[in-house]
Amino acid sequence: MKTSNPVLSRLGQAAERERTAGYGPYGPAGAGYGQPGYGQPYPTAEGYPAAPPAVQPMTVDDVVVKTVTLLGITGISAIAAWNLIPFELTLSAWIGAAVVGLVLGLVISFMRIASPALVIAYAVVEGVFVGMVSKAYQDILGYQGIVLQAVVATFGVFFLMAALYRARVIRATPKFTRIMIGAISGLFMVMLINFVLALFDVNTGLRDNGPLGYIFSLVCIVVASLSFILNFNEIEEGVRAGLPRKYSWTAAFGILVGLVWLYIEILRLLSYLQGDD
């Protein structure tokens, strides 16, 4: 089956070759040894199961299990960081986790198929980051109940996007994909530039409780929400292309990144709204 994503297409072709490669225990099948190829079904007697394929293809259930696992790890890490990291180290842990998470995220993003160990490490680091940000907003800045509100809103948006995608109300067309990739890249650059300017005490107003801050946060929330459509489409095409099961870690990683981003942006917007009370 073909996919419109060239990376998924290459991975799918590689997985298909791995499943059907004509290599037996004595070399290539058909080389005079009469042995079945590696990945090809061996002749079996009646009543005995055939040998499993060399590569198990990914399923949607695989992605769901991996995603729930990563969310559980992130949640446990966040709770542990909130309760164990001293008050005076909150900002340091926040910045440190953000930097390490960014590095790990970039490394994983440039891998064709993510390493489970790296993805799990990313979930732990992101848990520290989320825990410190949440602690700062609720316990230090005093926005009571804001964490629970942000969590509920984040998962509400996620399941809404899943329902819209399943109903084909929003589809990941090539044009939609190009626009989303451009929007995500543009926002990342704007946030990076804004962060660098902030280090030199230059305030752009993008992260202030004002009209510009409201608009920027809403744009980030909309883009983060729509990014799940790309994730769902990638998973669907990956299953259709027969990608190996280990690719489910990559898919789960993409969903985790989107959820953390969406949560942080919703948390920030809710702080603006509470600040106006």
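Residues numbered from 1 in each chain as written. Predicted model: local features only at pLDDT ≥ 70, side-chain atom pairs only at ≥ 80, totals over all residues. Heavy atoms only, no water.

Examining the side chain of Lys 135
Test applied: Under the DSSP-based scheme used, a helix requires at least four consecutive residues in state H or I and a strand at least two consecutive residues in state E, with every element numbered from the N terminus. The classification of residues rests on relative accessible area computed with a 1.4 Å probe and restricted to protein chains. Under 20% of the type maximum is buried, over 50% is exposed, and intermediate values are partly exposed. A residue counts as positive if it is Lys or Arg and as negative if it is Asp or Glu; His and the chain ends are not included. What counts as a salt bridge is simple: a side-chain nitrogen of Lys or Arg found within 4 Å of a carboxyl oxygen of Asp or Glu. Residues count as neighbours in contact if any of their non-hydrogen atoms are within 4.5 Å of one another.
Structurally, Lys 135 is set in helix α4 (residues 116-140). Buried charge without a salt bridge: Lys 135, with Asp 139 as the nearest opposite-charge side chain at an N-O distance of 5.9 Å. Filtering out sequence-adjacent residues up to four positions away, Lys 135 remains in contact with Trp 82, Ile 85, Pro 86, Phe 87, Thr 90 and Ile 140.

Here's the deal with the packing of aromatic side chains
Each pair of aromatic rings is reported with the distance of its centres and the angle of its planes. Put simply, the rule is: Pairing of aromatic side chains requires ring centres within 6.5 Å, counting the rings of Phe and Tyr and the six-membered ring of Trp. Pairs whose planes differ by under 30 degrees are stacked, by over 60 edge-to-face, and all others tilted. The criterion is that NZ of a Lys, or CZ of an Arg, lies within 6 Å of the ring centre and within 35 degrees of the ring normal, and then a charge sits over that ring.
Inspection of every chain in the model, using the stated rule, returns eight aromatic pairs. With a centroid separation of 6.2 Å and an interplanar angle of 35 degrees, the aromatic rings of Tyr 137 and Tyr 143 are classed as tilted. What makes Tyr 137 buried here is its relative accessible area of 9%. Aromatic ring contacts, followed pair by pair, group Phe 158, Phe 159, Tyr 165, Phe 228 and Phe 232 into a single cluster. Looking at Arg 168, its charged tip hangs above the ring of Tyr 165, at a distance of 4.8 Å from the centre.

Some words on the confidence of the model for the protein chain
The predicted coordinates of low-pLDDT regions are not to be read in fine detail. Quick reminder of the rule: How sure the predictor is of each residue is captured by pLDDT, a score from 0 to 100.
In this model, the protein chain carries a mean pLDDT of 83, and residues with pLDDT of at least 70 account for 79%. Low pLDDT, under 50, characterises residues 1-7; the stretch is placed with 10 contacts to residues that sit more than four places away or in other chains.

Topic: the side chain of Ser 248
Applicable threshold: We define a polar contact as two N or O atoms separated by no more than 3.5 Å, with the added condition that, inside protein, one atom must be a possible hydrogen donor and the other a possible acceptor, whereas residues neighbouring each other in sequence contribute only through side-chain atom pairs.
By the secondary structure assignment, Ser 248 is in helix α8 (residues 247-275). Within the local environment of Ser 248, its side chain forms a polar contact with the side chain of Lys 66, the two groups lying 3.4 Å apart. Only 2.6 Å separates the side chain of Ser 248 from the backbone oxygen of Arg 245, close enough to count as a polar contact. Contact partners of Ser 248, with chain neighbours within four places excluded, come to Met 58, Asp 62, Val 63 and Lys 66.

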